[in-house]
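What follows is each chain in one-letter form.
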Amino acid sequence: MICVFSCQVSSTHPDCSIVLHLLKEEHECEVKMKNEAAAESLGCVMEWDGLSCWAAASEGDIVSVHCPQPLLEPETPPVVISRRCSARGWSEPQPPYHQACFSEDEEQDEEMSREKDYFDTLRSIYSVGYGASLAALFIAVLLFCFFRKLLCTRNCIHLHLFVTFMLRSLAVFVKDAVLFADRSTDHCTVSTLWCKAAVTFFHFCVSSNFSWLLVEGLYLQTLLVFTFTETRKLFRIYAIIGWGSPTATILIWALLKKQLDNEGCWDDLDSSLWWIIKIPILLSIFINFLIFVNISRIIVQKTNATNVNQSQTQLWRRLLHSPLLLIPLLGVHYVVFALFPEHVGVGPRLYLELVLGSFQGFLVAVLYCFLNGEVQNEIQSWMRSCRPETNTNVVNLPTQEDVP
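Procedures and definitions
- Residues numbered from 1 in each chain as written.
- Predicted model: local features only at pLDDT ≥ 70, side-chain atom pairs only at ≥ 80, totals over all residues.
- Heavy atoms only, no water.
- Helix = DSSP H or I, 4+ residues; strand = E, 2+ residues; numbered from the N terminus.
- Contact = heavy atoms within 4.5 Å.
- Pairing = 2+ DSSP bridges.
- Phe/Tyr/Trp six-rings, centres within 6.5 Å; stacked < 30°, edge-to-face > 60°.
- Lys NZ or Arg CZ within 6 Å of the ring centre and 35° of its normal.
- Core = buried A, V, L, I, M, F, W, Y, C linked by side-chain atoms within 4.5 Å.
- Buried < 20%, exposed > 50% of the residue type's maximum accessible area, 1.4 Å probe, protein only.
- Salt bridge = Lys/Arg side-chain N within 4 Å of Asp/Glu carboxyl O.
- Axes fitted to C-alpha atoms, helices over the stretch in contact; angles between N-to-C directions.
- Parallel < 35°, antiparallel > 145°, perpendicular 65-115°, else oblique.
- Left-handed = near helix turned anticlockwise from the far one by under 90°.
- Disulfide = S-S within 2.5 Å.
- Lys, Arg positive; Asp, Glu negative; His and termini not counted.
- Polar contact = N/O pair within 3.5 Å; in protein donor to acceptor, adjacent residues only side chain to side chain.

Caption draft 1: Representation of the overall build of the protein chain in the model. What the protein chain contains, in helices and strands, is twelve helices and five strands. By sequence separation, contacts in the protein chain at least 24 residues apart represent 69% of the contacts at least 6 residues apart.

Take a look at the structure:
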């Protein structure tokens, strides 16, 4: 999401579930070892070998444990591993862990390699998308700020939306840099102030982006319902919705996270606290979807009423044009996977949330700034005003020649 939600498709990576399981087992084993530390043992003491906890045993005894369940393939029966306590201490596990617990299937290794290449390619694509969006949006923001006459209520809302898309792009790069720049880092157990700050900043940027997408929808709906409303007076309400609500949401989430679930990098989507962020995002998605349906209905009615004599092809072109332009502005495409669990439709979800989502800011900048007629007129007027002397000379030369 996030990736709609935080650019993360699965709540806990399978590799992380294994690491966290082993950490839990290791902690329980250490507690047992402390409790039995005072007890004298003539044989082998209790030991944690990195995968299993071996109970204390006398010399000559054989101790058996099951292969750690997270390491086994689904529906695989438990595998027994044994060690003998000798005068020299514990023997090596038999059979070895790599034979008992790990599959050496070449096809599986190839599949893992393909999956790694797939995710590396996907990351490269969404990095290009967010980079292009950031550059386009930066230019669009400069244009709106330079040509102050353009800053009506509609374009002010566009301007704030552009800023949230820029923040979202920056947050993705910051999060990737903090969490994934060092490949040697154990991302399952890392819990630093920087990574928590990066995740919190990312959630704020995503939440504010969806809030301003909602403001865009509410503004359009206001224009349709209240034709003569003074929309400038409503801008404070829009600003509270766009910036105030995500700020309050993220502050509440961060405080509760610190008090109740201060583990890892705060990127665990299995936590019930995640719903504090997810519910407002879901509300904005579905409200905008309803607004999109209502606007599309009105467009169909007005187009049918005013274009009765047009051909069927021209009519359908006009019917499709306006609603399609609203999809990136309102984020309608997010409704496809909004209520699906994170593990459902992973492949399509990745492309929708990461690839299409990364280019959304670029599309919005192009459609609502660079192709905006008002912006183009202001640019043309400014360019004409930059060369007044040239224009004057061209006009006056023939006049001077005609003077006797």
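Caption draft 2: The sheet that holds strand β4 (residues 80–86), seen in detail. Taking strand neighbours across the sheet as the criterion, the three strands line up as β3-β4-β5 in an open arrangement whose pairing is antiparallel. The open sheet is flanked by β3 (62–66) and β5 (89–90), the only strands paired with a single partner. Here β3 runs beside β4; their pairing, made up of five bridges, is antiparallel. Looking across to β4, one finds that Ser64 is bridged to Ser82.

Caption draft 3: Structural detail: the packing of aromatic side chains. A full pass over the atoms with the stated rule returns ten aromatic pairs. Chaining the aromatic ring pairs together yields one cluster made of Phe146, Phe147 and Trp382. Taking the ring centre of Trp54 as reference, the NZ or CZ of Arg83 above it sits at 5.1 Å.

Caption draft 4: A look at the nonpolar core. With 64 residues, the main nonpolar core has Phe144, Leu161, Phe162, Phe210, Leu326 and Cys369 as its most contacted residues. Of all elements in the fold, only α4 (106–146), α5 (153–180), α6 (193–225), α7 (235–260), α8 (274–306), α9 (312–330) and α10 (346–370) reach the threshold of two or more residues within this core. Apart from residues no more than four positions distant in its own chain, Phe144 is found in contact with Leu150, Leu151, Asn155, Leu159, Phe162, Tyr368, Cys369 and Val375.

Caption draft 5: Highlighting the pattern of salt bridges. Counted under the stated rule, the structure contains five salt bridges. A salt bridge links Arg154 to Glu374, with the shortest nitrogen-to-oxygen separation between them at 3.0 Å. Here Arg154 is found in helix α5, whereas its partner Glu374 is found in helix α11 (residues 373–385), with 220 residues between them in sequence. On the accessibility criterion, Arg154 (29% relative accessible area) is partly exposed.

Caption draft 6: Structural detail: the packing of α6 against α7. Packing of α6 against α7 leaves a shortest axis separation of 8 Å and a crossing angle of 150 degrees. Classified by the angle between their axes, α6 and α7 sit roughly antiparallel to one another. Here α6 and α7 pass one another in a crossing that is right-handed. Of α7, the residues touching α6 (which contributes Thr200, His203, Phe204, Ser207, Ser208, Ser211, Trp212, Leu214, Val215, Leu218, Tyr219 and Thr222) are Tyr238, Ala239, Ile241, Gly242, Trp243, Ser245, Pro246, Thr247, Ile250 and Trp253.

Caption draft 7: View of unusual backbone geometry. Cis geometry is adopted by the peptide bond preceding Pro95, which originates at Gln94 and carries an omega value of -10 degrees. Along the chain, Pro95 turns up in the loop between β5 and α3 (97–100).

Caption draft 8: Fine view of the state of the cysteines. Counted under the stated rule, the structure contains three disulfides. Bridging Cys29 to Cys53, the disulfide has an S-S length of 2.1 Å. Looking down the S-S bond of the Cys29 and Cys53 bridge, the torsion is 70 degrees, so its handedness is right-handed. Here Cys29 is found in helix α2 (residues 14–35), whereas its partner Cys53 is found in strand β2 (residues 53–54), with 24 residues between them in sequence. Of all cysteine sulfurs in the structure, the one in Cys156 sits closest to Cys145, which takes part in no disulfide; the separation is 9.4 Å.

Caption draft 9: Broad picture of the side chain of Lys196. You can see Lys196 is positioned in helix α6. Summary of buried charges: Lys196 has no salt-bridge partner, and the nearest side chain of opposite charge, Asp261, is 9.5 Å away. In terms of polar contacts, Lys196 uses its side chain to reach the side chain of Asn262, at 2.6 Å.

Caption draft 10: Examining the side chain of His333 more closely. Along the chain, His333 turns up in the loop between α9 and α10. Those residues in contact with His333 that lie beyond four places of it in its chain are Ile327, Leu352 and Gln360.

Caption draft 11: Spotlight on the environment of Ile291. Tracing the backbone through its elements, the reader meets Ile291 in helix α8. On the basis of relative accessibility, which here comes to 7%, the residue Ile291 falls in the buried class. For the pair formed by Ile291 and Leu220, sequence separation is 71 residues and the distance between their alpha carbons is 8.2 Å.

Caption draft 12: Broad picture of the packing of α5 against α7. One can describe the packing of α5 onto α7 by two numbers: an axis separation of 11 Å at closest approach and a directional angle of 10 degrees. Here α5 lies roughly parallel to α7, going by the angle between them. Between α5 and α7, the contacting residues are Thr153, Cys156, Ile157, His160, Val163, Thr164 and Leu167 on the first element and Phe235, Tyr238 and Trp243 on the second.

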